[in-house]
Amino acid sequence: MIANLVQLAAGEEQNPLLPPGPELLVGTIAFAIVFFFFWKKLLPNINKVLDERREAIEGGIEKAEAAQTEAQSVLEQYKAQLAEARHEAARLRQEALEQGTALKEELRAEGQRQREEIVAAGHAQIEADRKAASQALRQDVGKLATDLAGKLVGESLEDHARQSRTIDRFLDELEEKAEAAR
């Protein structure tokens with residue numbers, strides 16, 4: 001640089017595109033040293049880092065594809081399980097409906113049976129009450145008839161055996177007349 005200043009001061013004219021010779025030599029040597037340093041030290045490290053990044057990216061893509069494939073298979077399994085669960089729910093619903101219908105019929109039959117038992121018991125009770133009322137009526141009618149006959153005949157008909165036979169004969173005659181009238 002000092003030489004340049006000296007030359008400028010001396011008034012020499014130099015081509016601005018061509019540097020002076022010693023400066024060109026020093027620049028070329030410096031460039032060769034820097035190029036050699038980059039070529040031997042930095043370039044292998046840069047290539048190594050780029051290779052590692054490329055492998056990491058490719059490995060990440062492979063992992064993503066594997067994960068996507070696995071997710072697709074899990075989705076298909078889930079859809080299959082969901083379809084199976086829906087089918088099972090429909091089957092359970094149908095079974096419950098059938099059981100409900102069977103239970104309903106069973107309860108209806110049980111109710112019908114109980115109703116028939118109640119009606120039969122009612123008829124039996126009515127028949128027993130009718131017989132009891134008939135018996136009580138026979139006794140009352142017999143007593144009244146015996147009293148009336150005793151008053152008509154003028155003698156006491158207090159003998160129980162005779163009274164029963166008379167009453168039975170009288171009532172049997174009344175029943176025969178009633179049946180004949182029908």
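Computed from a predicted structure; not experimentally measured.

### As for the overall build of the protein chain
(1) Moving on: Summing up its helical and strand segments, the protein chain has three helices and zero strands in all.
(2) Moving on: Residues counted as buried form 4% of the 182 residues belonging to the protein chain.
(3) Moving on: Looking at the protein chain as shown, the accessible area adds up to about 16,200 Å², and 62% of this sits on carbon and sulfur atoms.

### Focus: the packing of aromatic side chains
The geometry of two aromatic rings is summed up by the distance between their centres and the angle between their planes.
(1) Moving on: On inspection of all chains with the given rule, the structure shows three aromatic pairs.
(2) Moving on: Aromatic pair Phe-36 and Trp-39: ring centres 6.5 Å apart, planes at 55°, arrangement tilted. Residue Phe-36 and its partner Trp-39 are located together in helix H2 (residues 21-153), separated by three residues, close to a single helical turn.
(3) Moving on: Among the residues examined, Phe-36 registers a relative accessible area of 47% and is labelled partly exposed.
(4) Moving on: For Trp-39, a relative accessible area of 46% corresponds to the partly exposed category.
(5) Moving on: For the pair Phe-37 and Phe-38, a centre-to-centre distance of 6.3 Å together with 55° between the ring planes defines the contact as tilted.
(6) Moving on: Judged by its relative accessible area of 45%, Phe-37 is partly exposed.

### Considering a nonpolar patch on the surface
(1) Moving on: There is a patch of nonpolar side chains on the surface, built from Val-34, Phe-37, Phe-38, Leu-42, Ile-46 and Leu-50 and spanning about 540 Å² of accessible area.
(2) Moving on: On the secondary structure map, Leu-42 appears in helix H2.

### Notes on the pattern of salt bridges
(1) Moving on: A full pass over the atoms with the stated rule returns seven salt bridges.
(2) Moving on: We note a salt bridge from Glu-117 to Arg-113, for which the minimum N-O separation is 2.2 Å. Of this pair, Glu-117 and Arg-113 both sit in helix H2, four residues apart, which is roughly one turn of that helix.
(3) Moving on: Relative accessible area serves as the criterion here: at 44%, Glu-117 is assigned to the partly exposed category.
(4) Moving on: Close ionic contact of Glu-127 with Arg-130 constitutes a salt bridge, the shortest N to O distance being 2.6 Å. Placement of both Glu-127 and Arg-130 in helix H2 is noted, with a separation of three residues, approximately one turn of the helix.
(5) Moving on: Here Arg-130 falls in the partly exposed class, since its relative accessible area comes to 48%.
(6) Moving on: Here the residues in one salt-bridge network are Glu-88, Arg-91 and Glu-95, joined through shared partners.

### Some points on the confidence of the model for the protein chain
Close inspection of predicted coordinates is inappropriate for parts of the model with low pLDDT.
(1) Moving on: Looking at the protein chain, pLDDT values average 83 and 86% of them are 70 or higher.
(2) Moving on: Across the protein chain, the element-wise mean pLDDT spans from 55 in helix H1 (residues 2-10) up to 89 in H2.

### A word on a negative patch on the surface
(1) Moving on: On the surface, a cluster of negative charge is contributed by Glu-52, Glu-55, Glu-58, Glu-62 and Glu-65.
(2) Moving on: Here Glu-52 lies in helix H2.

Parameters and conventions
- Residues numbered from 1 in each chain as written.
- Predicted model: local features only at pLDDT ≥ 70, side-chain atom pairs only at ≥ 80, totals over all residues.
- Heavy atoms only, no water.
- Helix = DSSP H or I, 4+ residues; strand = E, 2+ residues; numbered from the N terminus.
- Buried < 20%, exposed > 50% of the residue type's maximum accessible area, 1.4 Å probe, protein only.
- Areas by Shrake-Rupley, 256 points an atom, 1.4 Å probe, with all protein chains shown as cover.
- Phe/Tyr/Trp six-rings, centres within 6.5 Å; stacked < 30°, edge-to-face > 60°.
- Patch = residues over 30% accessible without salt bridge, like charges linked within 9 Å, V, L, I, M, F, W, Y side chains within 5 Å.
- Salt bridge = Lys/Arg side-chain N within 4 Å of Asp/Glu carboxyl O.
- pLDDT = per-residue confidence, 0-100.
- Lys, Arg positive; Asp, Glu negative; His and termini not counted.
- Charge placed at Lys NZ, Arg CZ, Asp CG, Glu CD.

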